[in-house]
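What the coordinates show
Listed below, chain by chain, are the residues.
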Amino acid sequence: MINPLIDSCDSTNELLKSNYSPNLKSGSWIAAKKQLQGKGRAQHEWESLEGNLHLSIFVRSIPSAAMTWIPLQMAITARNFISFYTPEDVVQVKWPNDL
């Protein structure tokens, strides 16, 4: 069940946690076309409509001081990737999890 793109789930994060095992490889991920009960920081809910990317990635051994910067770095990396392949589109980081 790791590294799939599924139609929908309650939460990609909860689904990834439920599939945890000591042998789970760093970089494993789960993506859904739609989340039914997606949550953000501090358990804030948001609409997770189809057509957006809903993705959770499992990573081992990250220093806690770096944890808060990872979402922003991922957003910048995704923005740069999209901009490279679609230079006619203006892609901006709205929030670390919104492009």
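In short, a report on the structure. Note that the structure is a prediction, hence the values are computed from the model and not measured. (Residues numbered from 1 in each chain as written. Predicted model: local features only at pLDDT ≥ 70, side-chain atom pairs only at ≥ 80, totals over all residues. Heavy atoms only, no water.)

Here we look at the packing of aromatic side chains
Note the cut-off: In summary, the pairing rule links any two rings of Phe, Tyr or Trp, Trp by its six-membered ring, whose centres are within 6.5 Å, and it sorts them by plane angle into stacked for under 30 degrees, edge-to-face for over 60 and tilted for everything else. By the criteria applied, helices consist of DSSP H or I runs no shorter than four residues and strands consist of E runs no shorter than two, each listed in order from the N terminus.
This structure, assessed with the given rule, holds three aromatic pairs. Both rings, one in Tyr20 and one in Phe58, keep their centres 5.8 Å apart while their planes meet at 55°; by these two values the pair is tilted. Of the two residues, Tyr20 is situated in the loop between α1 (12-18) and β2 (29-35) and Phe58 in the loop between β3 (54-57) and α2 (70-85); the sequence distance between them amounts to 38 residues. Aromatic side chains Phe84 and Tyr85 sit 4.9 Å apart centroid to centroid with 85° between the ring planes, which places their arrangement in the edge-to-face category. Site record: aromatic cluster; members linked through ring pairs are Phe81, Phe84 and Tyr85.

Quick notes on the nonpolar core
Note that soluble globular proteins tend to have their nonpolar side chains buried in a common cluster. What counts here: In this text, buried Ala, Val, Leu, Ile, Met, Phe, Trp, Tyr and Cys residues form a nonpolar core when linked through side-chain atoms within 4.5 Å. Accessibility here uses a 1.4 Å probe with only protein chains present; expressed as a share of the type maximum, an area under 20% marks a residue as buried, one over 50% as exposed, and anything in between as partly exposed.
Counting residues in hydrophobic clusters, the biggest one holds eight residues: Ile6, Cys9, Leu15, Leu16, Leu24, Ile30, Ala32 and Phe58. Contributions of two or more residues to this core are made by β1 (5-9), α1 and β2.

Some points on the sheet that holds β3
Rules: Strands pair, by our definition, only if DSSP identifies at least two bridges between them. In this analysis, axes come from line fits to C-alpha atoms, helices being fitted only over the stretch in contact, and the angle between any two N-to-C directions falls in the range 0 to 180 degrees.
Read across the sheet, three strands follow the order β1-β2-β3 without closing on themselves; strand pairing throughout is mixed. The open sheet has two free edges, formed respectively by β1 and β3, since each of these has just one partner strand. Averaged over all pairs of adjacent strands, the angle between strand axes in this sheet comes to 35°, irrespective of strand direction. The pairing of β2 with β3 spans four bridges and is classified as antiparallel. Each residue of the ladder has a partner; that of Ala31, found in β3, is Leu55.

Quick look at the pattern of salt bridges
Formally: The salt bridge criterion pairs a side-chain nitrogen of Lys or Arg with a carboxyl oxygen of Asp or Glu, the two atoms within 4 Å.
What the rule picks out here adds up to two salt bridges. Between Asp7 and Lys33 there is a salt bridge; the shortest N-O distance is 3.4 Å. Here the residue Asp7 occupies a position in strand β1, and Lys33 occupies one in strand β2, the gap between them amounting to 26 residues. Judged by relative accessible area, Lys33 falls into the partly exposed class, the value being 34%. Across the salt bridge formed by Glu14 and Lys17, the nearest N and O atoms sit 3.3 Å from each other. Of the two residues, Glu14 and Lys17 are both situated in helix α1; the distance of three residues between them amounts to about one turn of the helix. Classification of Glu14 by relative accessible area gives partly exposed; the value is 45%.

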